[in-house]
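# Structural characterization, general
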Amino acid sequence: MSTLADRYRSVKATLPAGVKLVAVSKTRTVEEIRALYDLGHRAFGENYPQELKQKQPLLPSDIEWHFIGHLQRSNVKHVLPVAHLIHGVDSERLLDEIDKRADERPADVLLQVHIAQEETKHGFLPAELLALASDPGWMARWPRVRFRGLMGMATNTDDHGRVSAEFGGLKALFDDIRSAPGMALPDFGILSMGMSADASLAIAAGSNLVRIGTAIFGER
Ligand SMILES: *Cc1c(COP(=O)(O)O)cnc(C)c1O
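Here we summarise the structure given alongside this text. (Residues numbered from 1 in each chain as written. Predicted model: local features only at pLDDT ≥ 70, side-chain atom pairs only at ≥ 80, totals over all residues. Heavy atoms only, no water.)

### Topic: the site of the ligand
Convention followed: A single heavy atom is enough: if one lies within 4 Å of a molecule or strand, its residue is considered near that molecule or strand. Here the accessible surface of atoms and residues is derived via Shrake-Rupley with a 1.4 Å probe, and residues count as covered only by protein chains that are part of the display. With a 1 Å grid laid over protein atoms only, a set of points is called a cavity when a 1.4 Å probe fits there but cannot get out and a pocket when it is open yet has protein on both sides within 12 Å along at least five of seven lines; lining residues have an atom within 4 Å of a point. Any molecule with more than half of its atoms within 2 Å of a cavity's or pocket's grid points is counted as sitting in it. When residue character is reported, Ala, Val, Leu, Ile, Met, Phe, Trp, Tyr, Cys and Pro are called nonpolar, Asp, Glu, Lys and Arg charged, and the others, Gly included, polar.
Taken together, 13 residues lie around the ligand, and Lys-26, Asn-47, Ser-196, Gly-213 and Thr-214 are the ones closest in. Relative to its unbound accessible area of 390 Å², the ligand is 90% covered by the protein chains. In a pocket analysis with a 2 Å cut-off to the grid points, the ligand is assigned to the largest pocket. Split by residue class, the shell around the ligand holds six nonpolar, four polar and three charged.

### Section: the pattern of salt bridges
Stated precisely, the cut-off is as follows: The term salt bridge refers to a side-chain nitrogen of Lys or Arg lying within 4 Å of a carboxyl oxygen of Asp or Glu. The numbering of helices and of strands both runs from the N terminus, where a helix is a DSSP run of H or I of at least 4 residues and a strand a run of E of at least 2. The buried label goes to any residue with under 20% of its type's maximum accessible area, the exposed label to any with over 50%, and the partly exposed label to all in between, with areas taken from a 1.4 Å probe on protein chains only.
Applying the stated criterion across every chain, the model contains eleven salt bridges. Put simply, Arg-34 and Asp-38 hold a salt bridge, and the shortest N to O gap is 3.5 Å. Highlighted residues: Arg-34 and Asp-38, both in helix H2 (residues 30-38), separated by four residues, approximately one helical turn. Overall, the relative accessible area of 37% leaves Arg-34 in the partly exposed class. Judged by relative accessible area, which is 53%, Asp-38 ranks as exposed. The shortest N-O distance in the salt bridge between Arg-42 and Asp-62 comes to 3.2 Å. Taken as a pair, Arg-42 in the loop between H2 and strand E2 (43-46) and Asp-62 in the loop between helix H3 (49-55) and strand E3 (64-67) lie far apart in primary sequence, 20 residues in all. The network of salt bridges with common partners includes Glu-46, Glu-51 and Lys-55.

### Thoughts on the environment of Ile-33
To keep things clear, this is the line we draw: Residue contacts follow a heavy-atom distance rule, with two residues in contact if any of their heavy atoms lie within 4.5 Å.
Structurally, Ile-33 is set in helix H2. Residue classification places Ile-33 among the buried positions, given a relative accessible area of 0%. As for Ile-33 and His-78, which are separated by 45 residues in sequence, their C-alpha atoms are 21 Å apart. Contact partners of Ile-33, with chain neighbours within four places excluded, come to Ser-25, Arg-28, Phe-44, Glu-46, Lys-55, Leu-59, Ile-63 and Trp-65.

### Some remarks on the packing of aromatic side chains
Let me state the cut-off plainly: Ring pairs are drawn from Phe, Tyr and Trp, using the six-membered ring of Trp, whenever the two centres fall within 6.5 Å, and their geometry is named by plane angle: stacked under 30 degrees, edge-to-face over 60, tilted for the rest. Definition used: whenever NZ (Lys) or CZ (Arg) falls within 6 Å of the ring centre and also within 35 degrees of the ring normal, the charge is taken to sit over that ring.
Tallied over the entire structure, the rule returns six aromatic pairs. Seen from their ring centres, Phe-124 and Trp-138 are 6.2 Å apart, and the 85 degrees between their planes marks the pair as edge-to-face. Of this pair, Phe-124 sits in the loop between strand E5 (107-113) and helix H6 (126-133) while Trp-138 sits in helix H7 (residues 136-140); the two residues are 14 residues apart in sequence, bridging distant segments of the chain. Accessibility classification places Phe-124 together with Trp-138 in one group, the buried group. Aromatic rings pair up to connect Phe-124, Trp-138, Trp-142 and Phe-147 into one cluster. Arg-42 extends its terminal NZ or CZ atom over the ring of Tyr-37, reaching a point 3.6 Å from the ring centre.

Here it is, written out as structure tokens:
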């Protein structure tokens, strides 16, 4: 049977230099997270505000917590103080709330884009986001938000062609926003796409951050 250390090393071995690994620890115990921490890992991803709030004080303070779940406005005040990066920002109203609650430290966010065919997934529509974000005044509406990049989830399917096309579309949108005339976005460099099942396709399409749970910790 493979150990956590074996699985962690084999996941890391598949990542090219420059691709960051966020270990998705939703539903995992504090002991499991601690074991990966002891192997040297520092970036963890959580989906549920309550769970993040419970685990964070029980674990070392140099962990970088990524909030990767769907964030409701009412939970922004709980997540903001502990999150290093919020991946799933999917509406202007949520941006309003994050801007309102951010204190001295600007809030680092990724805009979530709806690239999948599934209705259950969240995010801005690609065309909508390109129109909004290419207006240099748009991001300035939230002065305490620092826009770091984009996040997306592909359709959950064995059709690799479709998954690659969805990731390719997100990469193209990322490049379009960064190169839009008049845009100066020095901090906008993160493209968060790829999970256990589709990380290799995401990396081939240009991802520089993968969110991996099952392949490291085992089945949930
Ligand atoms: C759960 C989750 C992951 C990790 O999924 P695995 O299949 O366990 O690797 C990645 N991203 C998001 C947004 C998730 O909710």
